[in-house]
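Architecture and fold: a report
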Amino acid sequence: VSDCGVWRMESNNPESSTVGGIVGNMGNTSNIARCFASINASARYYLGGILGQSSGYSSEGSVKDCHANVALSAGNSIGGIIGSSNRIAVKNCYAEGEITATAPENEDYNQACYSTGGIVGNVATEYSSTTKIFSGNVANVNINIDDPNNTTGKVAAVHRILGFTGDELGTPSAREKGIENCYALAGMLVNGATIESADATTREGASIEANELTQSF
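Structure report, in brief.

**Things to note about the overall build of the protein chain**
Each helix and strand in the protein chain was counted, giving zero helices and 22 strands. Its C-alpha atoms give the protein chain principal-axis dimensions of about 45 × 40 × 40 Å. Among the 217 residues that make up the protein chain, the fraction classed as buried is 51%. Approximately 9500 Å² of the protein chain is accessible, and the part contributed by carbon and sulfur atoms is 43%. Taken together, the 12 basic and 22 acidic charged side chains of the protein chain have centroids lying 6 Å from each other.

Here it is in structure tokens:
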């Protein structure tokens, strides 16, 4: 899928899943390139500005050079570009807008994993490969947790670039090693607060000002 756009998409079905501005569910050998989506949607999970979910056991697929303007609300597994990814490449993408997560995975409030990110919400864990599959992405998406059932105050797997990654497991070998040159606008809010970071290889990305961006989306 390439060179297409969707303007002012509206989808309000809180029980749906695998919803995306361009593609809902895509196999891991497929590709999306140079697409734009403006989307206002609610779902149960697997909700993304471009792609709802990538599935399968190959990582040859990709989402590249895409731009999403989002207003997304779901329980969990929400991303400005992809809701849930089985490790396809995501490169040179830009997401802007608002995301709201309302329930953790499996309604487990001891872990409270909302799996929400400015670029990708949920990323499959890789223990050995160091291939840089998340590269050149920029997030400017305010992320909110609006869950009245969360009385523990715990919030996990909510970050500026990637939501759930192997880092959440607390095992060094599971740490996400596939990120490079990823950035978030310095004013981007995560649950009402800005995050300071200078490391463009982490799930938070490095903070950047709008006037520092060099590529027009």
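**Section: the state of the cysteines**
Under the definition given, this model contains zero disulfides. Free cysteine cysteine 4: the closest other cysteine sulfur is in cysteine 35, separated by 3.2 Å. Distance from the sulfur of cysteine 93, which forms no disulfide, to the nearest cysteine sulfur (cysteine 66) is 4.8 Å.

**So, the pairing of strand β10 (residues 76-79)**
Inspection of the sheet shows strand β6 (residues 45-48) paired to β10 by three bridges, in the parallel sense. The residue bridging leucine 47 from the neighbouring strand is isoleucine 78, located in β10. Where β10 and strand β14 (residues 113-117) come together, two bridges link them in parallel fashion. Bridge assignment links glycine 79 to a residue of β14, and that residue is glycine 117.

**Observations concerning the nonpolar core**
In this structure, Ile32, Ile50, Val63, Ile81 and Phe134 are the most contacted members of the largest nonpolar core, which totals 49 residues. Elements with a minimum of two residues in this core: β3 (23-27), β5 (36-42), β9 (67-74), β12 (89-91), β13 (94-101), β15 (120-123) and β17 (138-145).

What counts as what
Residues numbered from 1 in each chain as written. Predicted model: local features only at pLDDT ≥ 70, side-chain atom pairs only at ≥ 80, totals over all residues. Heavy atoms only, no water. Helix = DSSP H or I, 4+ residues; strand = E, 2+ residues; numbered from the N terminus. Buried < 20%, exposed > 50% of the residue type's maximum accessible area, 1.4 Å probe, protein only. Areas by Shrake-Rupley, 256 points an atom, 1.4 Å probe, with all protein chains shown as cover. Lys, Arg positive; Asp, Glu negative; His and termini not counted. Charge placed at Lys NZ, Arg CZ, Asp CG, Glu CD. Disulfide = S-S within 2.5 Å. Pairing = 2+ DSSP bridges. Core = buried A, V, L, I, M, F, W, Y, C linked by side-chain atoms within 4.5 Å.

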